[in-house]
Amino acid sequence: MTDLHSDNFVISNEEGVAVCRVFKNPQQSSADLAAGLEKLVPTSKTLALDATTTGFVLDLRRTPGAQSPRIEQLLLVVASVWETTAQRMSFLVLDDPIQKLQVTRIAAQAAPQYGAVFVSRTDARAFAGASGKSDPATVSRIWDRPSRIKGI
């Protein structure tokens, strides 16, 4: 997979995992960000069917705080794509209670078996299937379903 990009995200392959970094230009409104992220849905479907991609990390650390209802809807769709293909998906968020709460709810609703929320980039990548080293706590998150739903 070659790097994919849009006005609001960049996707790269890191050790077999597609890592999508979402960002917001300060001059953009939430509607502009949502319009840019609409391209993420078909891209996510393509990646989920790509034989070289084992999982997905959606890095939301550059879009702090609560997301708009339209962005939340898009995140639900992306998470459900990975859930229906039975592939792991990690949400990577800031250590911000508002963002954690919203994204944990999205993961629990759209990807209860194969989704998880992390504040650690290493843990998020390991959960999604990156072939790099991981710590024992990450391995327990992979197998312990309740902690995956809780997220952190």
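Cut-offs used in this document
Residues numbered from 1 in each chain as written. Predicted model: local features only at pLDDT ≥ 70, side-chain atom pairs only at ≥ 80, totals over all residues. Heavy atoms only, no water. Pairing = 2+ DSSP bridges. Helix = DSSP H or I, 4+ residues; strand = E, 2+ residues; numbered from the N terminus. Contact = heavy atoms within 4.5 Å. Axes fitted to C-alpha atoms, helices over the stretch in contact; angles between N-to-C directions. Phe/Tyr/Trp six-rings, centres within 6.5 Å; stacked < 30°, edge-to-face > 60°. Buried < 20%, exposed > 50% of the residue type's maximum accessible area, 1.4 Å probe, protein only. Lys NZ or Arg CZ within 6 Å of the ring centre and 35° of its normal. pLDDT = per-residue confidence, 0-100. Expected span 1.5 Å × (residues − 1). Salt bridge = Lys/Arg side-chain N within 4 Å of Asp/Glu carboxyl O.

Chemist: Mind showing me how you'd approach the sheet that holds strand S5 (residues 88–92) here?
Modeler: Sheets are built from strands that pair by backbone hydrogen bonding, the pairs being arranged parallel or antiparallel. Ordered in space as S1-S2-S3-S4-S5-S6, the six strands form an open sheet in which the pairing is mixed. The open sheet has two edge strands, strand S1 (4–5) and strand S6 (115–118), and neither has a second partner. As paired elements, S5 and S6 share four bridges and run parallel to each other. In the sheet register, Ser 90 faces S6, and the bridge partner there is Ala 116. Set on the sheet, helix H2 (residues 40–48) makes contact with S1, strand S2 (9–14), strand S3 (17–23) and strand S4 (55–62); between it and S2 the angle comes to about 10 degrees. Relative to the sheet, helix H3 (residues 69–84) contacts S4, S5 and S6, its axis offset from that of S5 by approximately 150 degrees.

Chemist: Explain the packing of aromatic side chains to me, please; I cannot follow it from the model alone.
Modeler: Taken as a whole and judged by the stated rule, the model has two aromatic pairs. Centroid distance Phe 56 to Trp 82: 5.0 Å. Interplanar angle 5 degrees. Geometry classified as stacked. Taken together, the positions of Phe 56 in strand S4 and Trp 82 in helix H3 put the pair 26 residues apart, joining distant regions of the chain. The two residues Phe 56 and Trp 82 agree in class, both being buried. Ring geometry for Phe 118 against Phe 127: centres 5.5 Å apart, planes inclined by 50 degrees, an arrangement best described as tilted. Like Phe 127, Phe 118 is buried. Across the ring face of Phe 127, the terminal group of Arg 88 is positioned such that the distance to the ring centre comes to 5.6 Å.

Chemist: Help me understand the environment of Ser 131, please; the structure alone is not making it clear to me.
Modeler: Along the polypeptide, Ser 131 turns up in the loop between helix H5 (121–128) and helix H6 (136–143). Linking Ser 131 and Glu 15, residues 116 residues apart in sequence, is a C-alpha distance of 5.7 Å.

Chemist: Sorry, what's going on with the confidence of the model for the chain here?
Modeler: If pLDDT is low for a region, its predicted coordinates should not be looked at in detail. Averaged over all residues, the pLDDT of the chain is 86; the fraction at 70 or higher stands at 84%. Below pLDDT 50 for its whole length, residues 134–152 participates in 36 contacts with residues either more than four positions away or in separate chains.

Chemist: I keep staring at helix H4 (residues 97–110) and nothing clicks. Help me out?
Modeler: Residues three or four positions apart in an α-helix share a direction because the helix packs 3.6 residues into each turn. Taking 1.5 Å per residue as the helical rise, H4 with its 14 residues ought to reach 20 Å, and the 20 Å between its terminal C-alpha atoms agrees with that figure. By the burial criterion, the buried members of H4 are Gln 99, Lys 100, Gln 102, Val 103, Thr 104, Ile 106, Ala 107 and Ala 110.

Chemist: How should I be thinking about unusual backbone geometry in this particular structure?
Modeler: The phi angle of most residues is negative, glycine excepted, and most peptide bonds adopt the trans form. Backbone geometry at Glu 15 places phi at a positive 55 degrees, although glycine is not the residue there. Relative to the elements of secondary structure, Glu 15 occurs in the loop between S2 and S3. Its identity as a non-glycine residue notwithstanding, Ala 86 has a phi of 60 degrees, on the positive side. With respect to the element layout, Ala 86 can be found in the loop between H3 and S5. A residue is classified by how much of its surface remains accessible, and Ala 86, at 44% relative accessible area, is partly exposed.

Chemist: What should I look at first to understand the pattern of salt bridges in this one?
Modeler: For side chains of opposite charge, pairing can occur when their charged atoms come near one another. The final tally for this structure, using the stated rule, is nine salt bridges. Connected through salt bridges with shared partners, the residues Glu 14, Glu 15, Arg 21, Arg 121 and Arg 125 form a single ionic network.

Chemist: How should I be thinking about the environment of Val 93 in this particular structure?
Modeler: Position of Val 93 relative to the elements: it lies in the loop between S5 and H4. Between the C-alpha atom of Val 93 and that of Thr 63, which follows or precedes it by 30 residues, the distance is 8.8 Å. For Val 93, the contacting residues outside a window of four places in its chain are Arg 61, Gln 99, Lys 100, Val 103, Val 117, Phe 118 and Val 119.

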